[in-house]
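Per-entry structural report
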Amino acid sequence: MRAMLFGLMFLAPTVALAEPIETQKIITALTGDWNGDGAVDLAMIVETQPSEPMDMHFFLRDREHNFLRPAGIVRDQILGEWNGYDRSGYEASDTEPELTALPNGSIKLYLPAMPVGSKRTNQTLTLAYRDGAFIVAGFAYDYHDYFEDNVASDCDYNVLSGKGKSSKMQPDGTTAHATVSVEGKVIAFSEWNPGTGFSACGK
């Protein structure tokens, strides 16, 4: 596992660590101790352009000099409804991502389904800071169809260990449960592909 983490540091793409942020485009922000050094760090999700994925910015506090040091920007991983804060007629959206700080210093990133058609698949990623990179430590989803009876499924598994559980509603209304057991992986958040999670869950 440590060898995988070490290799990850060299696979992570080079990104600009700091750039101007328009405050009206900050969707949500979260503080916590991502690297476990006892200092308060920061993460925020920022809109980009209409119909384009949002960016996630990470900052780690420099305890010696007491300032937030940019620790990376992850692009193209967060879809949502671009609200156009600089346009008239703005209305709140129900498809904005949400961030939650977990007690162990990880970040829960909730990605609600886009309101297209009757099928909805909400996703949740657990992000953790390991050896200089933010990785996907956990993946979960819940799926349902508004127009069909007994069409729903869900899954929750640990990406690092490959272990988890899933369930699927049957036509008769009962629920079938299954165990997830795949090869554990260390995947940088910037390199994450949702297909990896759905495949592990058997969807």
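Along every chain, residues carry numbers that run from 1 in the direction the sequence is written. Per-residue local features are limited, in this predicted model, to residues with pLDDT of at least 70; the limit for side-chain atom pairs, both in listing and counting, is 80 or more; totals at the level of whole chains, interfaces and linings are taken over all residues. Only heavy atoms go into the side-chain values, all of them from the structure, while hydrogens and water stay out.

We call Phe, Tyr and Trp rings a pair once their centres come within 6.5 Å, taking the six-membered ring for Trp, and we label the pair stacked below 30 degrees between planes, edge-to-face above 60, and tilted otherwise. Across all of its chains, the model carries eight aromatic pairs by this definition. Seen in terms of ring centroids, Phe139 and Trp192 are 5.8 Å apart; in terms of plane orientation they differ by 40°. Their pairing is tilted. Residue Phe139 is found in strand 8 (residues 133-145), and its partner Trp192 is found in the loop between strand 11 (175-181) and helix 2 (194-200); the two are separated by 53 residues along the sequence. In this scheme, a residue with accessible area under 20% of its type's maximum is buried, one over 50% is exposed, and one in between is partly exposed, where area comes from a 1.4 Å probe on protein chains only. Its relative accessible area of 1% is what places Phe139 among the buried residues. Residues Phe139 and Phe198 carry aromatic rings whose centres are separated by 5.3 Å and whose planes lie at 80° to one another, so their mutual orientation is edge-to-face. Of the two residues, Phe139 is situated in strand 8 and Phe198 in helix 2; the sequence distance between them amounts to 59 residues. Assigned by exposure class, Phe139 and Phe198 land together as buried. Runs of E in the DSSP output that reach at least two residues are strands. Runs of H or I that reach at least four are helices, and both are numbered from the N terminus.

Phi at Asp76 is positive, roughly 65°, even though this residue is not glycine. Within the secondary structure layout, Asp76 lies in strand 4 (residues 67-78). Exposure remark for Asp76: the relative accessible area of 60% places this residue in the exposed category. The residue Asp131 is not glycine, and still its phi comes out positive at about 50°. Within the secondary structure, Asp131 is located in the loop between strand 7 (119-130) and strand 8. A relative accessible area of 32% means that Asp131 is categorised as partly exposed.

Note on definitions: the grid is 1 Å and covers protein atoms alone; a cavity is a set of points where a 1.4 Å probe fits but cannot get out; a pocket is an open set with protein on both sides within 12 Å along at least five of seven lines; lining residues have an atom within 4 Å of a point. Grid points are joined across faces, edges and corners, and a volume is the space filled by probe spheres set on the points. In this structure, the second largest pocket encloses a volume near 240 Å³. In this classification, Asp, Glu, Lys and Arg are treated as charged, Ala, Val, Leu, Ile, Met, Phe, Trp, Tyr, Cys and Pro as nonpolar, and every other residue, Gly included, as polar. Classifying every residue of the lining of the second largest pocket by side-chain character gives nine nonpolar, three polar and one charged.

On to the sheet that holds strand 10 (residues 163-169). Strand order in the open sheet made by the seven strands is 5-6-7-8-9-10-11, with antiparallel pairing throughout. Looking at strand neighbours, the two that pair on one side only are strand 5 (98-101) and strand 11, the edges of this open sheet. Sheet twist, expressed as the mean angle between neighbouring strand axes with direction ignored, is 15°. Examined bridge by bridge, strand 5 and strand 6 (residues 107-111) share four bridges and lie antiparallel to one another. Counted as the bridge partner of Glu98 is Tyr110 from strand 6. Whether two strands pair depends on DSSP finding at least two bridges between them. Axis definition: a line fit to C-alpha positions, over the contact stretch in the case of helices; interaxial angles, taken between N-to-C directions, run 0 to 180 degrees.

Take the state of the cysteines next. Pairs of cysteine sulfur atoms within 2.5 Å are what we label disulfides. All chains considered together, the criterion is met by one disulfide. The disulfide partner of Cys155 is Cys201, and the gap between their sulfur atoms is 2.0 Å. Between Cys155 and Cys201 the sulfur-sulfur dihedral comes to about -75°; the bridge is accordingly left-handed. Highlighted residues: Cys155 in strand 9 (residues 152-158) and Cys201 in the segment after helix 2, separated in sequence by 46 residues. As far as the burial class goes, Cys155 and Cys201 line up, both buried.

Glancing now at the environment of Glu98. Looking at where Glu98 falls in the secondary structure, it is placed in strand 5. Look at Glu98 and you get partly exposed, because its relative accessible area is 45%.

The strand order 1-2-3-4 describes an open sheet built from four strands, whose pairing is antiparallel. The two strands at the open ends of the sheet, each matched to only one other strand, are strand 1 (26-32) and strand 4. For this sheet, the mean angle separating the axes of adjacent strands, direction not counted, is 15°. Sheet analysis places strand 3 (residues 54-62) next to strand 4, joined by eight bridges and oriented antiparallel. Directly across from Met54, in strand 4, lies its bridge partner Ile78.

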